[in-house]
Amino acid sequence: MSAVFEQIFQVGFLAAIIRIATPLAFATLGEMFSERAGVLNLGIEGIMLLSAMAGFTAASLSGSLWLGVLVAVLVGALMGALHALFTVALGLSQHVCGIGVTLFCSGLAYFLYRLIFGQQSVPPSIDGFKPVPIPLLADIPVLGPAVFNQFTLVYLAIIAIPLAALVLYRTPWGLSVRMVGENPRAADSAGVSVVATRFQAVILGGALMGLAGAFLTMAQFNAFTFGVVSGRGWVAIALVVFGRWDPWRSAGAALLFAFVDALQLRMQASGLGHIPYEAFLMLPFIFTIVAMAFMSRNAVAPSALLKPFRREER
Amino acid sequence: MLRLEARTSTPAWFNLALPLIAIAVTLVLCSGLIAVAGAGVVEAYGVMLSASLGDSYAITETLVRAAPMIFTGLAVAIAFRAKFWNIGAEGQLLAGAVASCFVGAIPMPGYLAMLLMALVGAAAGALVALVPATLRVKFKVDDVVSSLLLNSVIYYALMALIEGRWKDTFSGYPISPPIEDSANLPVLIEGTRLHLGVVVALIAAPLCWFLIARTTLGFRIRVTGENPEAARYGGINVQRVLLSTALLSGALAGLAGVGEVGGVHFQVMSDISPGYGYSGIVVAMLARLNPLGVVPAAIFLAAVMTGAEAMSRATGVPAFLSDVIQGTALLAMLVALLFTAYRIRRVGAQA
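The rules behind the values
- Residues numbered from 1 in each chain as written.
- Chains lettered and ligands numbered in written order.
- Predicted model: local features only at pLDDT ≥ 70, side-chain atom pairs only at ≥ 80, totals over all residues.
- Heavy atoms only, no water.
- Helix = DSSP H or I, 4+ residues; strand = E, 2+ residues; numbered from the N terminus.
- Rg over C-alpha atoms; globule rule 2.2 N^0.38 Å.
- Buried < 20%, exposed > 50% of the residue type's maximum accessible area, 1.4 Å probe, protein only.
- Contact = heavy atoms within 4.5 Å.
- Areas by Shrake-Rupley, 256 points an atom, 1.4 Å probe, with all protein chains shown as cover.
- Lys, Arg positive; Asp, Glu negative; His and termini not counted.
- Charge placed at Lys NZ, Arg CZ, Asp CG, Glu CD.
- Salt bridge = Lys/Arg side-chain N within 4 Å of Asp/Glu carboxyl O.
- Buried area = accessible area lost by both parts, 1.4 Å probe.
- Polar contact = N/O pair within 3.5 Å; in protein donor to acceptor, adjacent residues only side chain to side chain.
- Nonpolar A, V, L, I, M, F, W, Y, C, P; charged D, E, K, R; others polar.
- Phe/Tyr/Trp six-rings, centres within 6.5 Å; stacked < 30°, edge-to-face > 60°.
- Expected span 1.5 Å × (residues − 1).

Colleague: Outline the overall build of chain A, supporting the account with residue identities and numerical values.
Modeller: A tally of regular secondary structure across chain A gives 13 helices and two strands. Over its C-alpha atoms chain A spans a radius of gyration of 20 Å, differing by no more than 12% from the 20 Å that the globule rule assigns to 314 residues. Seen through its principal axes, chain A has C-alpha atoms that stretch 60 × 45 × 45 Å. A burial count over chain A gives 58% of its 314 residues as buried. Of the contacts made within chain A by residues no fewer than 6 positions apart, 76% connect residues no fewer than 24 positions apart. By element, 69% of the accessible surface of chain A is carried by carbon and sulfur atoms, the whole surface being about 12,600 Å². Of the charged side chains in chain A, 17 are positive and 13 negative, and the gap between their average positions amounts to 6 Å.

Colleague: Can you break down the pattern of salt bridges residue by residue, with the values?
Modeller: Under the counting rule described, the total for this entry stands at five salt bridges over all chains. Lys130 of chain A is the salt-bridge partner of Asp127 of chain A, the closest N and O atoms lying 3.5 Å from each other. We classify Asp127 of chain A as exposed; its relative accessible area is 65%. Among the salt bridges present, the one from Glu309 of chain B reaches Arg65 of chain B, with a minimum N-O distance of 3.1 Å. Of this pair, Glu309 of chain B sits in helix 12 (residues 291-315) while Arg65 of chain B sits in helix 3 (residues 56-81); the two residues are 244 residues apart in sequence, bridging distant segments of the chain.

Colleague: Tell me about helix 11 (residues 276-286) of chain B, and please be specific about residues and values.
Modeller: Summarising burial for helix 11 of chain B: ten of the eleven residues are buried, a large majority. A positive backbone phi angle near 55° is found at Arg288 of chain B, which sits one or two residues after helix 11 of chain B.

Colleague: Provide a residue-level description of the interface of chain B and chain A, including the pertinent values.
Modeller: In this assembly, 44 residues from chain B lie in contact with 40 residues from chain A. Each partner contributes to the roughly 3,900 Å² buried at the junction of chain B and chain A, and carbon and sulfur atoms together form 82% of this total. It is Leu149, Tyr156 and Phe320 of chain B that lose the most area in chain B upon contact with chain A, and together they represent 17% of the buried surface on that side. Between chain B and chain A we count zero salt bridges in total. Scanning the region where chain B abuts chain A turns up two residue pairs in polar contact (both at pLDDT 80 or more). Taken together, the elements giving at least two residues each to the side of chain B that touches chain A come down to helix 1 (12-36), helix 5 (110-139), helix 6 (143-163), helix 11 and helix 13 (321-341) of chain B. The element that contributes the greatest number of residues to the side of chain B that touches chain A is helix 6 of chain B, accounting for 13 residues. Classifying every residue of the side of chain B that touches chain A by side-chain character gives 35 nonpolar, four polar and five charged.

Colleague: Let's hear about the packing of aromatic side chains: which residues, and what values?
Modeller: As enumerated under the stated definition, the model contains 18 aromatic pairs over all chains in all. Measuring from ring centre to ring centre gives 5.0 Å for Tyr113 of chain A and Phe117 of chain A, while their planes differ by 35°; the resulting arrangement is tilted. Taken as a pair, Tyr113 of chain A and Phe117 of chain A lie in helix 5 (residues 94-117) at a separation of four residues, close to a single helical turn. Considered together, Tyr113 of chain A and Phe117 of chain A belong to a single accessibility category, that of buried residues. An aromatic cluster is present here, built from Phe56, Tyr110, Tyr113, Phe117, Phe224 and Phe226 of chain A together with Phe320 of chain B joined pairwise through their rings.

Colleague: Before we move on, can you summarise the side chain of Thr328 of chain B with the specific residues and values?
Modeller: By the secondary structure assignment, Thr328 of chain B is in helix 13. If we ignore the near neighbours within four places in the chain, the residues touching Thr328 of chain B are Phe104 of chain A together with Thr26, Leu29 and Cys30 of chain B.

Colleague: An account of the environment of Ile325 of chain B is requested, with residue identities and associated values reported.
Modeller: Residues and elements named next belong to chain B. When you line up the elements, Ile325 lands in helix 13. We classify Ile325 as buried; its relative accessible area is 0%. Separated by 56 residues in sequence, Ile325 and Met269 place their C-alpha atoms 26 Å apart. Ignoring sequence-local partners within four residues, the contact set of Ile325 consists of Thr26, Leu27, Cys30, Met48 and Val304.

Colleague: Report on helix 4 (residues 89-104) of chain B, specifying residues and quantitative values.
Modeller: For helix 4 of chain B, spanning 16 residues, the distance from its first C-alpha to its last is 22 Å, which sits close to the expected 22 Å at 1.5 Å a residue. Most of helix 4 of chain B sits inside the fold, with 15 of its 16 residues counted as buried.

Colleague: Can you break down the side chain of Thr26 of chain B residue by residue, with the values?
Modeller: All names here are of chain B. Here Thr26 is to be found in helix 1. Of note is the side chain of Thr26, whose polar atom sits 2.7 Å from the backbone oxygen of Ala22. Excluding residues that lie within four positions of it along the chain, Thr26 makes contacts with Ile325, Thr328, Ala329 and Ala332.

Structure (structure tokens):
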């Protein structure tokens, strides 16, 4: 047990947690904005995959990583708009549309990847982002090298959390988002456009999911493989519930999940007894389900979540 | 300006034509991707059609592929009728496959083995489906997310088995030992892979239709899905209906796994299902949650899958086109459904 304890406080372990948490934080914040406006986005898994593929392809063909990030964000926003078109403009079932968007995006990602790169035994890779140490802060013992010698996208995620809280709680737009998610009728009477606000929130959410995908193929793995997202999108949806639709708590949930995931990676590597490694792989998913069971009872979802809004129907 | 206006009635022909319109729109949209891939659209769809429905062998192959999707389609259709959002048919299928493989490896008379495989496989699927349903009823956990997450859990459990206890020590491949030859589902037409499970799937659809349309449980499922408040007021135990629905839905998805083990692969491997559980959602929606419609919808998707591989070999268009077609078909069908309740009206600028 003490050996496990020692490992937790290693720089490498802390750095691993931060790296695992980053895409989850982007995805969770993205899903949170969407749900705060009243739109569940089950397209997240597919949106992350398509963005990961598009970002990787753009970076690989142009040689510019930031162009790749930009493309991933734009693709994510575009797919967010697609989901909003179905659920907000047309008022279709959010559950089924989300699954449809995921199927569509995943199919398209694999189709286009195969079309562009063909079938290769070793997947093509790129020179991904390199850690950028922040002067002075990087010299703090343990915390410095773990947190402040990271990819630029990690810093972006760290900044995104307070920024999301600021936008959601302290700006007029954030107020509109919360209103259309809680009581669209009242928001409509107050002159807030429900449709426009929801569109904006879902598109912003999609852009953040795109960032999550970009991180996977351009910082974490530097290649696009078929299991590159492997359920991270679904986990993000659970983390939003776990984080009670709040930016800070959601980011905390992402960090907690990353801790469990990093721990299982360590335990796998240390070859604990004869426990099959798959037992560790399923651990984060079981953890998420159990955590949801504890959190869901007094979870307060936005009241208008899943409910389409049609102005003429009163 | 265009706007949606509620319909007072929907013409009958429209209800029937709807899935066909959705499929037509899907094929037109996806022909863009074929063109991007540099192949002739007519040629590519032609190869798909002849390879999936062109001769009697192709038709049997398509039916073999349709069987698991009929089961998962029924599983999803029945669950969605009660608004139990079972997105976990994939995991339930895998559980059914693993459980039936355990039973099928035990030497016993063939008919007994097949019966036990079906029972145990269905029970395994039902048990998995019971988890999200119980979590929803007891802890208010969103069933979409929990059933989705459970798919990954079951998948890793399957991997642990075939890379651990079941691993083929001879070849070292991560596959389970084969089931007994006597437990193999009988082939119905010599020289094809058309097995007994396909017929069972085709019979299951009208049975499910009967259950939904003509029995008390079916009535309760429909009322619970359409209006839980009214169901409760009418003395229906909504929670119990949800649990029953989950058992039924999971059992059907489990049977999809049994059919794949007993009739197609005779063992379990990591890619025993190419996402049949998710395809079940597309099938159920194309069928408008009607169990009878599940059969043609599943055959359509199976034809697309079988045809896509041949198209890929002949024209070089990636076979992943079939996944794009599935996703597009689901979205197109949803939009099409909108027009059963609404129609587009051109209204003046003042509106």
